[in-house]
Amino acid sequence: MSHVNEPSQLVEVMLPSRLLFLGVPDAILMELAGDLPYEQKDIDELSTAVIEACTNAMEHGNGMEQGRRVELHFLFSPDEIRVTVLDQGPGFDFNNWQPPDGLMRERGRGITIMREFTDELTYDHAPDGRFRVQLVKRRPRQD
Amino acid sequence: MKIKERSRDGVVILELNGKLMGGPDAATFNDTLKTLIHEGHRNVLVDLAKVDWVNSTGLGILISGYSTVRRSGGDLRLLNVSDRVESIFMVSKLHTVFVSYSNEDEAVRSFA
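Residues numbered from 1 in each chain as written. Chains lettered and ligands numbered in written order. Predicted model: local features only at pLDDT ≥ 70, side-chain atom pairs only at ≥ 80, totals over all residues.

**Q** Got a minute to help me understand the overall build of chain A in this structure?
**A** The helix and strand inventory of chain A stands at 3 helices and 5 strands. Secondary structure elements of chain A, listed N to C terminal, follow the sequence β-α-α-β-β-α-β-β. Here the C-alpha atoms of chain A give a radius of gyration of 15 Å, agreeing with the 15 Å that 2.2 N^0.38 yields for 143 residues. Dimensions of chain A, computed from the C-alpha atoms along their principal axes, are close to 40 × 35 × 30 Å. Counting every position in chain A, which comprises 143 residues, the buried fraction comes to 36%. (Helix = DSSP H or I, 4+ residues; strand = E, 2+ residues; numbered from the N terminus. Rg over C-alpha atoms; globule rule 2.2 N^0.38 Å. Buried ≥ 20, exposed ≤ 12 C-beta atoms within 10 Å, placed from the backbone.)

What follows is the structure, given as structure tokens:
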């Protein structure tokens, strides 16, 4: 795997909209980020956030239609890991989203988890119209 | 996700294995709990030692299971929560709801 001094490296993956495949982004991050200067906690958090993004993409974006794919880009750079998740749904108004009330609610925690476990989280539409989520974990400062 | 069931001192221990992520897992887990309650069991310890990760949908499954057992007059507690899974409980503030243990003897005794 790349060393921090090497140029950025991009890994691209297409997943069918089946929860069965949620383990794929986790496996990629665990395998490829192992040599990078991150704590295991940081990789775990990013992976958990990416799994949430993929869950939303499959369920809400693609409506669990297996023919609709979730596309993932993992960009490993010296200063950060940036994961882009694209689905074929309409997206939602992220700026006005508010978490549902109730500690014992059974749904509605995904965005909170993504926010807490990333250094940067953005939602928008890609130039081709697909809904896009970008999740970034920055390299820890070496003071 | 697979569920292995065993019993110890009146406590049913459910060992989950795999990824807790919704889909068929929800029905599997809820059906298991409903069967246990129907059989008269009330004290349930869920062992997460072999759970690689939990997503927010998986959290929902545990919350639903917790509510089901509590409504029956029992309790559902957790065993062997990894650091990774613990972090998602912390972010969700669910560590204030679920009682968890890292030692099985202690966990089983807690139901006495």
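Still more ground to cover, so stick around.
**Q** Could you clarify how one ought to interpret the sheet that holds strand β5 (residues 100-101) of chain B in this entry?
**A** Within a beta sheet, neighbouring strands are joined by backbone hydrogen bonds and run either parallel or antiparallel to one another. Residue and element names in this part refer to chain B. Strand order across the open sheet formed by 5 strands is β1-β2-β3-β4-β5, with mixed pairing between neighbours. Unpaired on one side and paired on the other, β1 (2-8) and β5 mark the two borders of the sheet. As defined by bridge partners, β1 adjoins strand β2 (residues 11-20) across 7 bridges and the pair is classed as antiparallel. Its bridge partner lying in β2, Lys-4 is registered against Glu-15. Packing of helix α2 (residues 56-71) onto the sheet brings it into contact with β2, β3 (43-54) and β4 (75-79), and relative to β4 it is tilted by some 140°. (Pairing = 2+ DSSP bridges. Contact = placed C-beta atoms within 7 Å. Axes fitted to C-alpha atoms, helices over the stretch in contact; angles between N-to-C directions.)

**Q** Help me understand the packing of helix α2 (residues 40-61) of chain A against helix α3 (residues 110-117) of chain A in this model?
**A** The description of two helices packed together rests on the angle between their axes and the distance between the axes. Residues and elements named next belong to chain A. With their axes 9 Å apart at the nearest point, α2 and α3 run at an angle of 150° to one another. Here α2 lies roughly antiparallel to α3, going by the angle between them. By crossing handedness, the relation of α2 to α3 is classed as left-handed. Touching Glu-45, Leu-46, Thr-48, Ala-49, Glu-52, Ala-53, Thr-55 and Asn-56 of α2 are Gly-110, Ile-113, Met-114 and Phe-117, all from α3. Its residues assigned to classes, the contact of α2 with α3 comprises 6 nonpolar, 4 polar and 2 charged. (Parallel < 35°, antiparallel > 145°, perpendicular 65-115°, else oblique. Left-handed = near helix turned anticlockwise from the far one by under 90°. Nonpolar A, V, L, I, M, F, W, Y, C, P; charged D, E, K, R; others polar.)

**Q** Which parts of the structure should I look at to understand the nonpolar core?
**A** Val-50, Ala-53, Cys-54 and Val-85 of chain A together with Val-44 and Val-46 of chain B are the most contacted members of the largest nonpolar core, which has 62 residues in total. Broken down by element, this core gets its largest block of residues, 9 residues, from α2 of chain A. If we ignore the near neighbours within four places in the chain, the residues touching Val-46 of chain B are Leu-14, Leu-16, Leu-76, Leu-78 and Leu-79 of chain B. (Core = buried A, V, L, I, M, F, W, Y, C linked by C-beta atoms within 7 Å.)

**Q** Help me understand helix α3 (residues 83-91) of chain B in this model?
**A** Residues lying three or four places apart along an α-helix face the same way, a consequence of the helix completing one turn every 3.6 residues. Residues and elements named next belong to chain B. Among all positions of α3, only Val-85, Ile-88 and Val-91 are buried. Taken down its axis, α3 places every buried residue within 125° of arc, on the same side. Structural note: α3 exposes Asp-83 and Met-90 on the side pointing more than 90 degrees away from its buried face. Directly after α3, the chain includes Lys-93, whose backbone phi takes a positive value near 65°. (Arc of directions from axis to C-beta.)

**Q** How should the environment of Val-44 of chain B be read in this particular structure?
**A** Residues and elements named next belong to chain B. Summarising the element assignment, Val-44 is placed in strand β3. A C-alpha to C-alpha distance of 9.9 Å links Val-44 and Gly-65, two positions 21 residues apart in sequence. With sequence-adjacent residues up to four places away left out, Val-44 is seen in contact with Val-12, Leu-14, Leu-33, Leu-36, Val-69, Gly-74 and Leu-76.

**Q** Looking at this structure, I do not really get the interface of chain B and chain A. What am I missing?
**A** One frequently used descriptor of interface size is the decrease in accessible area upon assembly of the parts. With 20 residues of chain B in contact, the opposing surface of chain A contributes 19 residues. Ranked by residues supplied to the side of chain B that touches chain A, first place goes to α2 of chain B with 7 residues. Here the side of chain B that touches chain A is composed, by residue class, of 7 nonpolar, 10 polar and 3 charged.

**Q** Would you explain the sheet that holds strand β3 (residues 80-87) of chain A in this entry?
**A** Residue and element names in this part refer to chain A. Taken in spatial order, the 5 strands line up as β1-β2-β3-β5-β4 in an open sheet, and their pairing is antiparallel. The open sheet terminates on both sides in strands that have one partner only, identified here as β1 (9-16) and β4 (120-125). Shown here is a sheet whose adjacent strand axes are inclined to one another by a mean of 15°, direction ignored. Here β1 pairs with strand β2 (residues 69-76) via 8 bridges, running antiparallel.

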